[in-house]
Amino acid sequence: MTTFKAALGICGLSQQEAADFLDVSVQTVKNWSRGKGDPSLGVWISLADLYAGIEDEAEDGAKAIDIDGMDRAALNTPAVQYHHHTGGVDASASASAMALLIAIRNRDMGAEK
């Protein structure tokens with residue numbers, strides 16, 4: 001797996017969403033995902049900015065999650081509803097998953113103290 005493909009996964013982008021977000025063709029995204037051609041630094045900066053926005057939303061969302069008060073079925077559904085998009089991309093699924101993992105990590109770290 002290429003780093004570019006992994007970055008798309010981390011940001012929760014399909015190849016079509018990545019093409020739209022980065023303003024390139026789907027074929028270009030497919031090529032970069034396969035290691036054919038190299039994304040420009042500008043592309044990496046755009047993905048880094050998107051990731052930072054997702055991370056910020058996840059950190060904020062984690063504060064609103066009560067892990068001990070949730071039933072197990074709720075853990076696999078979006079725990080936090082986001083009212084805006086990150087960088088023009090709907091990043092709510094990625095941000096929700098990150099928020100849940102952060103909340104669990106924070107809970108467990110607090111329990112160890």
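Residues numbered from 1 in each chain as written. Predicted model: local features only at pLDDT ≥ 70, side-chain atom pairs only at ≥ 80, totals over all residues. Heavy atoms only, no water.

**Section: the overall build of the protein**
Using the following cut-off: A helix here means a DSSP run of H or I that spans at least four residues, while a strand means a run of E at least two residues long, and both kinds are numbered starting from the N terminus. Throughout this description, buried means an accessible area under 20% of the type-specific maximum (1.4 Å probe, protein chains only), exposed means over 50%, and partly exposed covers the range between. By definition, residues are in contact when any of their heavy atoms lie within 4.5 Å. Working definition of accessibility: Shrake-Rupley area with a 1.4 Å probe, residue cover restricted to the visible protein chains.
On a plain count of helices and strands, the protein comes out with five helices and zero strands. Ordered by position from the N terminus, the helices and strands of the protein form the series α-α-α-α-α. Residues classed as buried in the protein amount to 33% of the 113 residues present. In the protein, the proportion of contacts linking residues at least 24 apart, taken out of those at least 6 apart, comes to 68%. Summing over all exposed atoms, the protein offers an accessible surface of approximately 7,100 Å²; the carbon and sulfur share of this is 52%.

**Things to note about the nonpolar core**
Put simply, the rule reads: The term nonpolar core refers to a set of buried residues drawn from Ala, Val, Leu, Ile, Met, Phe, Trp, Tyr and Cys, joined through side-chain atoms within 4.5 Å.
Core analysis: the largest hydrophobic core is formed by 25 residues, its most contacted members being F4, L8, L13, L47 and I54. At the level of elements, α1 (3-11), α2 (15-22), α3 (26-33), α4 (41-63) and α5 (92-112) are the ones that each hand at least two residues to this core. Ignoring any residue separated from it by four or fewer positions in sequence, one finds L47 in contact with F4, A7, L8, C11, L13 and F21.

**Description of the packing of aromatic side chains**
Put simply, the test is: Centre distance within 6.5 Å is the pairing criterion for rings of Phe, Tyr and Trp, where only the six-membered ring of Trp is used; planes under 30 degrees apart are then read as stacked, over 60 as edge-to-face, and the remainder as tilted.
Tallying each qualifying case throughout the model produces two aromatic pairs. For the ring pair F4 and W32, a centre distance of 5.3 Å and an interplane angle of 80° mean the geometry is edge-to-face. In this pair, F4 sits in helix α1 while W32 sits in helix α3, placing the two residues 28 residues apart along the sequence. The same class applies to F4 as to W32, namely buried. Where F4 meets W44, the ring centres are 5.9 Å apart and the plane angle is 85°; that geometry is what we call edge-to-face. Of the two residues, F4 is situated in helix α1 and W44 in helix α4; the sequence distance between them amounts to 40 residues. Site record: aromatic cluster; members linked through ring pairs are F4, W32 and W44.

**Overview of the confidence of the model for the protein**
Detailed reading of the predicted coordinates is not advisable wherever pLDDT falls low. Which entries qualify depends on this criterion: Each residue carries a pLDDT score, the predictor's confidence in it, ranging from 0 to 100.
Averaged over every residue, the pLDDT of the protein is 84; residues scoring 70 or more account for 85%. Confidence, read as mean pLDDT per element, is least for α5 in the protein (80) and greatest for α3 (98).

**Description of the environment of I54**
One can find I54 in helix α4. The class for I54 is buried, based on a relative accessible area of 0%.

**A few points about the side chain of T2**
For clarity, the cut-off: Polar contact is defined as a pair of N or O atoms within 3.5 Å, subject to the rule that within protein one atom must be able to donate a hydrogen and the other to accept it, and that residues adjacent in sequence are counted only when both atoms are side-chain atoms.
With respect to the helices and strands, T2 occurs in the segment before α1. At 3.0 Å, the side chain of T2 forms a polar contact with the backbone nitrogen of K5. Polar contacts involving the side chain of T2 include one to the main-chain carbonyl oxygen of S33, which spans 3.0 Å. Those residues in contact with T2 that sit more than four places away from it in its chain are W32, S33, R34 and G35.

**Things to note about the pattern of salt bridges**
Applied cut-off: Any Lys or Arg side-chain nitrogen located within 4 Å of an Asp or Glu carboxyl oxygen qualifies as a salt bridge.
In total, this model carries two salt bridges according to the counting rule given. The partner of D60 in a salt bridge is K63, with the nearest N and O atoms 4.0 Å apart. Here K63 and D60 lie together in helix α4, a separation of three residues that amounts to about one turn. The same class applies to D60 and to K63, which are both exposed. With its nearest N and O atoms 2.6 Å apart, the salt bridge here joins R107 to D68. Here the residue R107 occupies a position in helix α5, and D68 occupies one in the loop between α4 and α5, the gap between them amounting to 39 residues. A relative accessible area of 37% places R107 in the partly exposed class.

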